[in-house]
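Chain by chain, the residues run as shown.
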2 protein chains.
Amino acid sequence: MALDLGPLDGHVGYLLRRAQLAVFADIMTGFAAHGISPADYAVLTVIGGNSGAGQSQVAESLGIQKTNFVPQIRRMEERGLVARTPSPTDRRSMSLTLTAEGETLLAELHRTAQAHVDRMRGHLGPEAYAALREPLMRLAAIGPG
Amino acid sequence: MALDLGPLDGHVGYLLRRAQLAVFADIMTGFAAHGISPADYAVLTVIGGNSGAGQSQVAESLGIQKTNFVPQIRRMEERGLVARTPSPTDRRSMSLTLTAEGETLLAELHRTAQAHVDRMRGHLGPEAYAALREPLMRLAAIGPG
DNA sequence: GCGATTAGTTATCTCTCATAACTATTTTCT
DNA sequence: AGAAAATAGTTATGAGAGATAACTAATCGC
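All values derive from a computational prediction rather than experimental measurement.

Colleague: Would you mind going over the interface of chain B and chain A with me for this structure?
Modeller: How large an interface is tends to be reported as the accessible area lost when its parts come together. Contacts between the two partners involve 51 residues from chain B and, on the opposite side, 51 residues from chain A. In this assembly, chain B packs against chain A so that about 5,000 Å² is buried in total across both faces, 74% of it on carbon and sulfur atoms. In this assembly, chain B and chain A are joined by zero salt bridges. Scanning the region where chain B abuts chain A turns up 12 residue pairs in polar contact (both at pLDDT 80 or more). Secondary structure elements with two or more residues in the side of chain B that touches chain A: α1 (12–31), α2 (38–49), α3 (55–61), α5 (100–124) and α6 (126–140) of chain B. The greatest single-element share of the side of chain B that touches chain A, amounting to 13 residues, is contributed by α1(B). Classifying every residue of the side of chain B that touches chain A gives 32 nonpolar, 12 polar and seven charged.

Put into structure tokens, the structure is as follows:
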């Protein structure tokens, strides 16, 4: 027996949470076989597209605090997906690059992610899917301004 | 220096996560003064609109597992916002109701939430805001659907 | 009445997100 | 050049979300 959610289902915040959990659950079914979370995928993607970037740079661009990024990047280093080498130009900074294994896995993950996107597009229709981007980006920007 | 997010900002899953965090951060600025999280607000709202409902019912309608709901509802009981009384018709079940204090607080929270919604509507425009509901509900339904 | 559900709980575990405090290195500014 | 401020990364810590497994007590289906 479903209860009345009252004003809740008029709140975009509530709908965003429910939608996000459902969408993440869907993409995780594909990633789980590789032991990768959506957050890991995002990190690998950014490192792959910005080889040599520093930890704080990668973290910040994903909206992760550098302090919380430490255990995540360490896990991926220990798994042999990411290499952390001291930056030659700044001795404080660690340059992040994908290992060969990381590259291979990322390519595979991109295919998995694309299958997921296609699935979501199928649920909404291509126009509705595309139409989501702009307002979501606008909402995402309200914090950091 | 912002890094290239690559295919990430084409993925609705990623945008949903970023948008959700930003929207929650906004609403939490209003709720924080009351020591209430968005999840707490959702629970109070459902109990308020379905007085006497059981724990598992409330949890399920919000997509929370009953096992994870226990500490949350206990916190709210200890704060005196919610009363848990044994159901007269089913001795396994706990009837949840708002206390007078819970009612008062919920009314206040509804006003705060409405201010937040108005703010989000201002960011997106009323049409774009309203247009978000349908696709988000559709995405939220893909799991249990 | 007996087996299968259901309501609620406890106990774990992992991951996320946040804050505070610290080291070591640049940068900035005078 | 040298002191002060900012930056890169780390550790420690804590609350909270979400998941799973195993359990008790009560109700339901037949």
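After that view, the rundown keeps rolling.
Colleague: Mind showing me how you'd approach the protein's contact with DNA strand D here?
Modeller: Surrounding DNA strand D, one finds 21 residues, the nearest of these being A:Gln55, A:Ser56, A:Thr67, A:Arg92 and A:Met94. Counting only the atoms of DNA strand D that lie within 4 Å of the protein, the sugar and phosphate share comes to 57%. At 3.2 Å from a phosphate oxygen of DNA strand D is found a side-chain nitrogen or oxygen belonging to A:Arg74. A distance of 3.3 Å separates a base oxygen of DNA strand D from a polar atom in the side chain of B:Thr67.

Colleague: Just to check I follow, could you spell out the packing of α1(B) against α5(B) for this structure?
Modeller: Two quantities define a packed helix pair, namely the angle between the axes and the distance from one axis to the other. All names here are of chain B. Taken N-terminus to C-terminus, the directions of α1 and α5 make an angle of 145°; their axes are 9 Å apart at the nearest point. At the point where α1 passes α5, the crossing takes the right-handed sense. Contact residues: α1 offers Val23, Asp26, Ile27, Thr29, Gly30 and Phe31, while α5 offers Leu109, Thr112, Ala113, His116, Arg119 and Met120. Within the contact of α1 with α5, the residues separate by chemical class into six nonpolar, four polar and two charged.

Colleague: Help me understand the protein's contact with DNA strand C, please; the structure alone is not making it clear to me.
Modeller: DNA strand C sits among 22 residues. The nearest are B:Gln55, B:Ser56, B:Thr67, B:Arg92 and B:Met94. For DNA strand C, the fraction of protein-proximal atoms (within 4 Å) that sit in sugar or phosphate groups is 57%. B:Arg84 has a polar side-chain atom sitting 2.8 Å from a phosphate oxygen of DNA strand C. Looking at the surface near DNA strand C, the elements that each hand over two or more residues are α4 (66–78) of chain A together with α1, α3 and α4 (66–78) of chain B. For the surface near DNA strand C, the element with the most residues is α4(B), which contributes four residues. Here the residues of the surface near DNA strand C are counted per class, giving four nonpolar, nine polar and nine charged.

Colleague: Would you explain α6(B) in this entry?
Modeller: Think of an α-helix as turning once every 3.6 residues; residues three or four places apart then point the same way. With 15 residues, α6(B) ought to run about 21 Å at 1.5 Å a step, and its terminal C-alpha atoms sit 22 Å apart, in line with that. For α6(B), the set of buried residues is B:Tyr129, B:Leu132, B:Pro135, B:Leu136, B:Leu139 and B:Ala140. Where the residues of α6(B) are buried, they touch α1 (12–31), α5 (100–124) and α6 (126–140) of chain A together with α1 and α5 of chain B.

Colleague: Help me out: how do you make sense of the relation of the copies chain B and chain A in this one?
Modeller: One copy of the chain maps onto the other through a rotation about an axis plus a displacement along that axis. Overlaying chain B with chain A gives an RMSD of 0.1 Å, the required rotation being 180° about an axis along which the chain moves by 0.0 Å. The superposition operator between the copies reduces to a two-fold rotation axis. Rotation axis and chain B: the residue whose C-alpha lies nearest the axis is B:Leu16, separated from it by 3.3 Å.

Colleague: Please clarify how the pattern of salt bridges should be interpreted in this entry.
Modeller: Note on pairing: side chains with opposite charge can pair once their charged atoms come close. All told, the structure shown has 12 salt bridges over all chains when counted by the stated rule. Its salt-bridge partner being A:Arg84, residue A:Glu77 comes within 3.3 Å of it at the nearest N-O pair. On the basis of relative accessibility, which here comes to 31%, the residue A:Glu77 falls in the partly exposed class. The partly exposed category is assigned to A:Arg84, whose relative accessible area is 26%. When the shortest N-O distance is used, the salt bridge between B:Asp26 and B:Arg119 registers 2.6 Å. Of this pair, B:Asp26 sits in helix α1 while B:Arg119 sits in helix α5; the two residues are 93 residues apart in sequence, bridging distant segments of the chain. The exposure class assigned to B:Asp26 is buried, which follows from its relative accessible area of 16%.

About the thresholds
- Residues numbered from 1 in each chain as written.
- Chains lettered and ligands numbered in written order.
- Predicted model: local features only at pLDDT ≥ 70, side-chain atom pairs only at ≥ 80, totals over all residues.
- Heavy atoms only, no water.
- Contact = heavy atoms within 4.5 Å.
- Buried area = accessible area lost by both parts, 1.4 Å probe.
- Salt bridge = Lys/Arg side-chain N within 4 Å of Asp/Glu carboxyl O.
- Polar contact = N/O pair within 3.5 Å; in protein donor to acceptor, adjacent residues only side chain to side chain.
- Helix = DSSP H or I, 4+ residues; strand = E, 2+ residues; numbered from the N terminus.
- Nonpolar A, V, L, I, M, F, W, Y, C, P; charged D, E, K, R; others polar.
- Near = heavy atom within 4 Å.
- Axes fitted to C-alpha atoms, helices over the stretch in contact; angles between N-to-C directions.
- Left-handed = near helix turned anticlockwise from the far one by under 90°.
- Expected span 1.5 Å × (residues − 1).
- Buried < 20%, exposed > 50% of the residue type's maximum accessible area, 1.4 Å probe, protein only.
- Least-squares fit on C-alpha atoms with pLDDT ≥ 70 in both.

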